Amino acid sequence: NAGVMQNPRHLVRRRGQEARLRCSPMKGHSHVYWYRQLPEEGLKFMVYLQKENIIDESGMPKERFSAEFPKEGPSILRIQQVVRGDSAAYFCASSLGQSGNQPQHFGDGTRLSIL
Amino acid sequence: KQEVTQIPAALSVPEGENLVLNCSFTDSAIYNLQWFRQDPGKGLTSLLLIQSSQREQTSGRLNASLDKSSGRSTLYIAASQPGDSATYLCAVPPGQGGKLIFGQGTELSVKP
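A.B. asks: Explain the pairing of strand 4 (residues 31-37) of chain A to me, and be specific about the residues and the numbers.
C.D. replies: Residue and element names in this part refer to chain A. Most of strand 4 sits out of view: 7 of its 7 residues are buried. Burial of strand 4 is two-sided: the residues His31, Tyr33, Tyr35 and Gln37 facing one way and the residues Val32, Trp34 and Arg36 facing the other way are all buried. The turn linking strand 4 back onto strand 5 (residues 43-50) is made up of 5 residues, and Glu40 within it adopts a positive phi angle of 65°.

Next comes the structure, spelled out in structure tokens:
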């Protein structure tokens, strides 16, 4: 499967725990994007990364959320001390180049539920 | 600030009809516009990407047009099928690259 791979598909956490969401981009893609889809809301941009660099984190909440895309391995979206409002579908996308001239390809998402 | 709007929010048509989905954006200085399909519980599937220099793109029964000056794009689906039932989203990058700004989507239901 050469598509964007996200895991886990479903994640359940209790309030106060940490959530780690993983994303492996398409082969050859070095640009990764994270989006969040809240119930009954549209997709909202969170963060844009290239290998080892955060390019744009304008959509990331200021606290508890962080993202990385190391030289080796998948991109990780980390949410510390989760709260009920973090329950959402989190989607990762990747592109070959900047999305000005390259399409973004999406994974199937991680559905995070907070108890 | 770029805003993307899709009308209608939901659409139900009988099988075989041709239909048009609408997408409008407030800032005409876009590099491209991308149409996606999202099935329930799934991720987004890229359907078409139109560069700002293009007027339309076609893929099978799908045809997307772009009018930058009026801030509009349409997705035309010919001879609709029940398998076309999904939510259709349009999105634009606000600059040369990076994030996409999405519309709220149009939920399409094609009745057999």
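A.B. asks: So, the interface of chain A and chain B: which residues are in play, and what are the values?
C.D. replies: If you look at the interface, chain A gives 23 residues, while chain B gives 21 residues. Interface of chain A and chain B: buried area, both sides summed, is about 1700 Å²; carbon and sulfur atoms make up 50% of it. For the pair chain A and chain B, the number of links is 0 salt bridges. For the pair chain A and chain B, the number of links is 9 residue pairs in polar contact (both at pLDDT 80 or more). Elements represented by at least two residues in the side of chain A that touches chain B include exactly strand 4 and strand 5 of chain A. A per-class count over the side of chain A that touches chain B returns 8 nonpolar, 10 polar and 5 charged.

A.B. asks: Go over the state of the cysteines, please, and point to the residues and values.
C.D. replies: According to the stated counting rule, one finds 2 disulfides over all chains in the structure shown. Put simply, Cys23(A) and Cys92(A) are joined by a disulfide, and their sulfur atoms are 1.8 Å apart. Negative torsions about the S-S bond denote left-handed disulfides, and the value of about -55° found for Cys23(A) with Cys92(A) makes this one left-handed. One end of the pair, Cys23(A), is in strand 3 (residues 19-24); the other, Cys92(A), is in strand 9 (residues 88-95), and 69 residues separate them in sequence. At a sulfur-sulfur separation of 2.0 Å, the disulfide partner of Cys23(B) is Cys90(B). With the S-S dihedral at roughly 85°, the linkage between Cys23(B) and Cys90(B) falls on the right-handed side. Of the two residues, Cys23(B) sits in strand 3 (residues 19-25) while Cys90(B) sits in strand 9 (residues 86-92), which places them 67 residues apart along the sequence. Using a relative accessible area of 2% as the deciding quantity, one classes Cys23(B) as buried.

Reading the values: rules and limits
The residue count restarts for each chain, going from 1 along the sequence in the order it is written. The lettering of chains begins at A and the numbering of ligands begins at 1, in the order of writing. Owing to the predicted nature of the model, reporting of local features is limited to residues with pLDDT of at least 70; listing and counting of side-chain atom pairs is limited to 80 or more, with chain, interface and lining totals taken over all residues. In computing side-chain values, all of the structure's heavy atoms are included and hydrogens and water are not. The classification of residues rests on relative accessible area computed with a 1.4 Å probe and restricted to protein chains. Under 20% of the type maximum is buried, over 50% is exposed, and intermediate values are partly exposed. The numbering of helices and of strands both runs from the N terminus, where a helix is a DSSP run of H or I of at least 4 residues and a strand a run of E of at least 2. Any two strands with at least two DSSP-identified bridges between them are counted as paired. Every residue pair with non-hydrogen atoms within 4.5 Å of one another is taken to be in contact. Buried area is a sum: the accessible area each of two parts loses on coming together, probed at 1.4 Å, counted once for each and added. Salt bridge criterion: a side-chain nitrogen from Lys or Arg within 4 Å of a carboxyl oxygen from Asp or Glu. In the analysis that follows, any N or O atom pair within 3.5 Å is treated as a polar contact, provided that within protein one partner can donate a hydrogen and the other can accept it, and provided that, for residues neighboring in sequence, both atoms belong to side chains. Here the nonpolar group is Ala, Val, Leu, Ile, Met, Phe, Trp, Tyr, Cys and Pro; Asp, Glu, Lys and Arg are the charged ones; every other residue, Gly included, is treated as polar. Cysteine sulfur pairs qualify as disulfides if the two atoms are within 2.5 Å.

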